[in-house]
Amino acid sequence: MTTCVLKSLDNESLQSAVVTLSKQEKACSIEVVRHLVEVRERKLFASLGYASLYDYSSKCLGYEGGSAWRRSTGAACVAKYPSLMSYLQEGRLTLTGLGVISKMILQAKAGEAEPLIHEALGKSIPDLEALMLRTAKEPPVKKTTIREMNGSEPVAPQTGDLLSAMQTAPVEPAAPAH
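A brief look at the structure comes next. Numbering of residues starts from 1 in every chain and runs along the sequence as written. Side-chain atom pairs in this predicted model are given and counted only at pLDDT of 80 or more, local residue features only at pLDDT of at least 70, and totals for whole chains, interfaces and linings cover all residues. Side-chain numbers come from the whole structure's heavy atoms, not from hydrogens or water.

1. Quick notes on the overall build of the protein chain
Counting its secondary structure elements, the protein chain contains 10 helices and zero strands. Numbering of helices and strands starts at the N terminus; helices are DSSP runs of H or I of at least 4 residues and strands are runs of E of at least 2. Mapped from its N terminus to its C terminus, the protein chain presents α and β elements in the order α-α-α-α-α-α-α-α-α-α. Relative to its 178 residues, the protein chain shows a buried fraction of 25%. Restricting the contact set of the protein chain to residue pairs at least 6 apart, pairs at least 24 apart contribute 51%. When the accessible surface of the protein chain is summed, it comes to about 12,800 Å², and 57% of that surface belongs to carbon and sulfur atoms. Partly exposed describes any residue whose relative accessible area lies between the buried limit of under 20% and the exposed limit of over 50%, with all areas from a 1.4 Å probe on protein chains only and scaled to the type maximum. What makes two residues a contact is simply this: any of their non-hydrogen atoms within 4.5 Å. Exposure was quantified through the Shrake-Rupley algorithm and a 1.4 Å probe, taking into account, for residues, occlusion by the shown protein chains and nothing else.

Right, dumping it as structure tokens:
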């Protein structure tokens, strides 16, 4: 629709149009994933000179990094677990949500992924991230090092050192603005 036509719509019609377009966009994204599954299975991306499905999605299809990754990873997940396609179509799982759980389900042994997939259905992104942390075999580790000013070896801070230093460090009041 042109801008003139949009401006002539009343609020109810505009709202209805946006909702319809949003549903069509989601359905189209899922169809792209369905097609990418076939592109992946045929290795069409390779015969066209692309190094990976991600490379094909970004360079040939024009998706930016995150969008290309979600679609190519979604295709890999759906290829391994075809039931995911119906969950995407039903809206019980989004492409973003599938991206959150993708590493764990793609690396899962037979029979381990299905319970995780079912637990993920209908969850928000923060809930899916929490699920991944809770079910991870190895907890994520953040390695923090502090390098002394004299050039000595890095030292790993003890738990709570930074927090306690922040809590006990004196804070000078700011000078009043003139």
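From this point on, the discussion continues.
2. Quick word on unusual backbone geometry
Although it is not a glycine, Lys43 adopts a positive phi angle of roughly 55°. Along the chain, Lys43 falls in the loop between helix H2 (11-42) and helix H3 (44-47). Relative accessible area serves as the criterion here: at 54%, Lys43 is assigned to the exposed category.

3. Observations regarding the nonpolar core
Core analysis: the largest hydrophobic core is formed by 31 residues, its most contacted members being Leu84, Leu93, Leu98, Ile101 and Ile105. Elements supplying a minimum of two residues to this core: H2, helix H4 (53-60), helix H5 (65-80), helix H6 (83-90), helix H7 (95-107), helix H8 (113-120) and helix H9 (125-135). Sequence-distant contacts of Ile105, defined by excluding residues within four places in its chain, comprise Cys77, Lys80, Tyr81, Leu84, Leu98, Ala113, Leu116 and Ile117. Working definition of a nonpolar core: buried Ala, Val, Leu, Ile, Met, Phe, Trp, Tyr and Cys residues. They are joined through side-chain atoms within 4.5 Å.

4. Points about the packing of aromatic side chains
Any Phe, Tyr or Trp ring, taking Trp's six-membered ring, that has another such ring centre within 6.5 Å forms a pair; planes under 30 degrees apart are called stacked, those over 60 apart edge-to-face, and the others tilted. Counting across every chain of the model gives one aromatic pair. Taking 5.6 Å as the distance between ring centres and 75° as the angle between the ring planes, the aromatic pair formed by Tyr50 and Tyr56 counts as edge-to-face. In this structure Tyr50 comes out as partly exposed when scored by relative accessible area, which is 21%.

5. Details of the side chain of Asp55
Mapping Asp55 onto the fold places it in helix H4. Non-local contacts of Asp55, meaning those with residues more than four positions away in its chain, are made with Tyr50 and Cys60.

6. Points about the pattern of salt bridges
For this analysis, a salt bridge means a side-chain nitrogen from Lys or Arg found within 4 Å of a carboxyl oxygen belonging to Asp or Glu. In total, this model carries five salt bridges according to the counting rule given. Taking the shortest distance from any N to any O, the salt bridge between Asp55 and Lys59 comes out at 3.0 Å. One end of the pair is Asp55 and the other is Lys59, both in helix H4 and four residues apart, which spans about a single turn. You can call Asp55 buried: its relative accessible area is 13%.

7. Some thoughts on H4
For H4, the set of buried residues is Leu53, Asp55, Tyr56, Ser57 and Ser58. Buried-residue contacts for H4 involve H2, H3 and H5. Capping the start of H4 is the job of one residue whose side-chain oxygen sits 3.4 Å from the backbone nitrogen of Tyr54: Ser52. Two N or O atoms count as a polar contact when they lie within 3.5 Å, although within protein this holds only if one can serve as hydrogen donor and the other as acceptor, and sequence-adjacent residues are included solely when both atoms are side-chain atoms.

8. Let's talk about the packing of H8 against H9
Their axes nearest at 10 Å, the elements H8 and H9 cross at an angle of 150°. Overall, the two elements H8 and H9 adopt an arrangement that is roughly antiparallel. Here H8 runs over H9; the crossing is right-handed. Packed against H8, whose contacting residues are Leu116, Glu119 and Ala120, the element H9 presents Leu128, Leu131, Met132, Arg134 and Thr135 at the interface. The residue inventory of the contact of H8 with H9, partitioned by class, reads five nonpolar, one polar and two charged. Fitted lines through C-alpha atoms serve as axes, helices being fitted only where they are in contact, and the angles separating the N-to-C directions of these axes extend from 0 to 180 degrees. For this classification, under 35 degrees means roughly parallel, over 145 means roughly antiparallel, 65 to 115 means roughly perpendicular, and everything else is oblique. Two helices crossing with the near one rotated counterclockwise from the far one by less than a right angle form a left-handed crossing, whereas a clockwise rotation gives a right-handed crossing. Here the nonpolar group is Ala, Val, Leu, Ile, Met, Phe, Trp, Tyr, Cys and Pro; Asp, Glu, Lys and Arg are the charged ones; every other residue, Gly included, is treated as polar.

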